[in-house]
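Here is what each chain is made of, one letter per residue.
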Amino acid sequence: MTSTGPQAVALAVLDLARAGRFAEIRDVTIRLYPADNHFFFPGTGPSSPAELAAPQHLDPQLAADVGDWLTASALSSGPA
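In short, a report on the structure. These numbers come from a predicted model, not from an experiment.

**Topic: the overall build of the chain**
Across its full length, the chain holds three helices and zero strands. The helix and strand sequence of the chain, counted from the amino end, reads α-α-α. By residue count, 11% of the 80 residues in the chain fall in the buried class. The contacts in the chain between residues at least 6 apart in sequence include a share of 20% that link residues at least 24 apart. Working note: accessible area of the chain is about 6,500 Å², and carbon and sulfur atoms make up 64% of it.

**Quick look at the packing of aromatic side chains**
Tallied over the entire structure, the rule returns two aromatic pairs. Ring geometry for Tyr33 against Phe40: centres 6.4 Å apart, planes inclined by 85°, an arrangement best described as edge-to-face. Since its relative accessible area comes to 37%, Phe40 is described here as partly exposed. With centroids separated by 5.9 Å and ring planes inclined at 40°, the aromatic side chains of Phe39 and Phe41 adopt a geometry described as tilted. On the basis of relative accessibility, which here comes to 43%, the residue Phe39 falls in the partly exposed class.

**Section: the environment of His38**
Here His38 lies in the loop between helix H1 (6-18) and helix H2 (49-53). On the accessibility criterion, His38 (48% relative accessible area) is partly exposed. For the pair His38 and Leu52, spaced 14 residues apart in the sequence, the C-alpha separation amounts to 9.9 Å.

**Some points on the side chain of Asp59**
With respect to the helices, strands and loops of the structure, Asp59 is situated in the loop between H2 and helix H3 (60-77). Of the buried charged residues, Asp59 lacks a salt bridge, with Arg31 as the closest side chain of opposite charge at 11 Å. A polar side-chain atom of Asp59 sits 2.8 Å from the main-chain amide nitrogen of Gln61. Each residue touching Asp59, except ones within four places of it in the same chain, is listed here: Tyr33, Asp36, Phe40 and Pro42.

**Brief notes about H3**
In an α-helix, one full turn covers 3.6 residues, which means residues spaced three or four apart are oriented alike. Taking 1.5 Å per residue as the helical rise, H3 with its 18 residues ought to reach 26 Å, and the 26 Å between its terminal C-alpha atoms agrees with that figure. Looking at where H3 begins, the residue whose side-chain oxygen comes 2.8 Å from the main-chain nitrogen of Gln61 is Asp59.

**As for unusual backbone geometry**
In most cases, non-glycine residues show a negative phi, while peptide bonds are predominantly trans. Notably, Phe40 is not glycine yet its phi reads approximately 65°, a positive angle. Take Phe40: it is sitting in the loop between H1 and H2.

**Regarding the environment of Gln61**
Mapping Gln61 onto the fold places it in helix H3. The partly exposed category is assigned to Gln61, whose relative accessible area is 45%.

Cut-offs and rules
- Residues numbered from 1 in each chain as written.
- Predicted model: local features only at pLDDT ≥ 70, side-chain atom pairs only at ≥ 80, totals over all residues.
- Heavy atoms only, no water.
- Helix = DSSP H or I, 4+ residues; strand = E, 2+ residues; numbered from the N terminus.
- Buried < 20%, exposed > 50% of the residue type's maximum accessible area, 1.4 Å probe, protein only.
- Contact = heavy atoms within 4.5 Å.
- Areas by Shrake-Rupley, 256 points an atom, 1.4 Å probe, with all protein chains shown as cover.
- Phe/Tyr/Trp six-rings, centres within 6.5 Å; stacked < 30°, edge-to-face > 60°.
- Lys, Arg positive; Asp, Glu negative; His and termini not counted.
- Salt bridge = Lys/Arg side-chain N within 4 Å of Asp/Glu carboxyl O.
- Polar contact = N/O pair within 3.5 Å; in protein donor to acceptor, adjacent residues only side chain to side chain.
- Expected span 1.5 Å × (residues − 1).

In C-alpha cells form, the structure reads like this:
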C-alpha cells in the first residue's frame, strides 16, 4: 500500500526537487519537519486523538523558519 499522507507527499516533492524538476524555479526552499504531525506539533510516532486533544505549541523551528522567510520576503520586496 502506498502512503499518501503529508509526509509521503513532502518526500515525493523532495524527490522531484532532487531530480531537478524545479530547476527553473529559483526561489523555492523545501524543508521537512519529520517529527511534526499535520498540525506542526512535535511528537513521536503516529498521531492519536489524545495527543491532538492536549494543548500544544507549534514547532519552534517551523515558527523560526516562517519568521525568517517573512523577514527575507519583506526585505527583498522593498518598501510598500
